[in-house]
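Residues per chain are reported as follows:
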Amino acid sequence: MTETETTVRDDPPRTPFEPEDRWVPVDRRWFGLDRVTIIPAAIVLAVAIVMSILIPAVNNSVAYDDEVVAGDVMELKDGITFVPAVGWGITDGVRETDAPVSGSFPQRATLVNSGALFTVYTAPFAGDANALLEQIKKTSDALATAESLRVSGDSSSITTASGIRGVITSYSNSTADGVIAAFVVDGKGIEVVSTGPSDVAPTITDDIAHMIVSISHRAGEGS
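Residues numbered from 1 in each chain as written. Predicted model: local features only at pLDDT ≥ 70, side-chain atom pairs only at ≥ 80, totals over all residues. Heavy atoms only, no water.

A few points about the nonpolar core
Looking at soluble globular proteins, one finds that nonpolar side chains tend to be buried together.
Okay, so step 1: If you look at the biggest cluster of nonpolar residues, it comprises 26 residues, and the most contacted ones within it are Phe 82, Trp 88, Phe 118, Phe 183, Val 192 and Ile 212.
Okay, so step 2: Of all elements in the fold, only β3 (74-76), β4 (80-82), β7 (108-113), β8 (116-124), β12 (177-185), β13 (188-196) and α4 (202-213) reach the threshold of two or more residues within this core.
Okay, so step 3: Top element by residues in this core is α4. It accounts for 4 residues.
Okay, so step 4: Setting aside its immediate chain neighbours within four residues, Ile 212 contacts Phe 118, Ile 158, Thr 160, Ile 168, Val 179, Phe 183 and Val 192.
Okay, so step 5: Ala 129, Ile 136, Val 167 and Val 193 belong to the second largest nonpolar core, which has 11 residues in total. (Core = buried A, V, L, I, M, F, W, Y, C linked by side-chain atoms within 4.5 Å. Buried < 20%, exposed > 50% of the residue type's maximum accessible area, 1.4 Å probe, protein only. Helix = DSSP H or I, 4+ residues; strand = E, 2+ residues; numbered from the N terminus. Contact = heavy atoms within 4.5 Å.)

Have a look at this one:
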């Protein structure tokens, strides 16, 4: 009997799969979006929609009696602060000199003036500012309607006076224009949403810009 010889071929070793930096595992996706970042993004989007559709109507019918004066500083949770523009009305939030009895400042502050609104919101966030802003854009595309906001596809870098780096973009709907800015410092996301009528006065636009760049963080707080 002749013994058949079998040739054994050595296959080359397989190259391990190395996903791109933006690749998200299937078990972390929800309708194609990263579930880790979609909740903070959805919160910002919801704030923007409410601000651009519902709050202006309330703002036009209700007078505010807590007006910003020179020297005021708003403080949020974890040592996030910003300088509000003089003459704007405070509808939500606390001055740094008025620490709550609980010892913990709120996560949000909102100011209004002549139909324009300005809100700063802070919450823990694991990604960077670009990741938060990109998620907001994706979420807005998924939820946009004729009345809700549509975020611009372009964004620009922005740095506050205290050195916090972030990104900013514009958005609009059928009745208003606005901006969304995102910053991340020491694991805390800082989200700014501002909206107003398309013909808002230049002084209001300047106030919004100054409030954004005045955002600061007290190192060591909320770590």
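Some remarks on the pairing of β7
Two faces belong to every sheet, and in a regular strand the side chains alternate between them.
Okay, so step 1: Burial runs high along β7: 5 of the 6 residues are buried.
Okay, so step 2: In the sheet, strand β5 (residues 89-92) pairs with β7 via 3 bridges, with the strands oriented antiparallel. Residue pairing for β7: Ile 90 is matched across the bridge by Leu 111.
Okay, so step 3: Examined bridge by bridge, β7 and β8 share 6 bridges and lie antiparallel to one another. Its bridge partner lying in β8, Ala 109 is registered against Val 120.
Okay, so step 4: Linkage of β7 to β8, two consecutive antiparallel strands, is achieved through a turn of 2 residues, within which Ser 114 is found at a positive phi near 50°. (Pairing = 2+ DSSP bridges.)

Re α4
Okay, so step 1: With 12 residues, α4 extends 17 Å between its outermost C-alpha atoms, agreeing within 8% with the 16 Å of an ideal straight helix rising 1.5 Å per residue.
Okay, so step 2: Along α4, the positions that sit buried rather than exposed are Ile 204, Asp 207, Ile 208, Met 211 and Ile 212. Viewed along the axis of α4, the buried residues span an arc of 130°, placing them on a single side of the element. The exposed residues of α4 that point more than 90 degrees off its buried face are Pro 202, Thr 203 and His 210. (Expected span 1.5 Å × (residues − 1). Arc of directions from axis to C-beta.)

Description of the pattern of salt bridges
Okay, so step 1: According to the stated counting rule, one finds 4 salt bridges in the structure shown.
Okay, so step 2: In this structure, Arg 95 and Asp 72 form a salt bridge, with 3.0 Å as the shortest nitrogen-oxygen distance. Taken together, the residues span a long stretch of sequence, with Arg 95 in strand β6 (residues 94-95) and Asp 72 in the loop between α2 (55-61) and β3 at a distance of 23 residues.
Okay, so step 3: Ionic pairing is found between Arg 218 and Glu 75, a salt bridge with its closest N-O pair at 2.8 Å. (Salt bridge = Lys/Arg side-chain N within 4 Å of Asp/Glu carboxyl O.)

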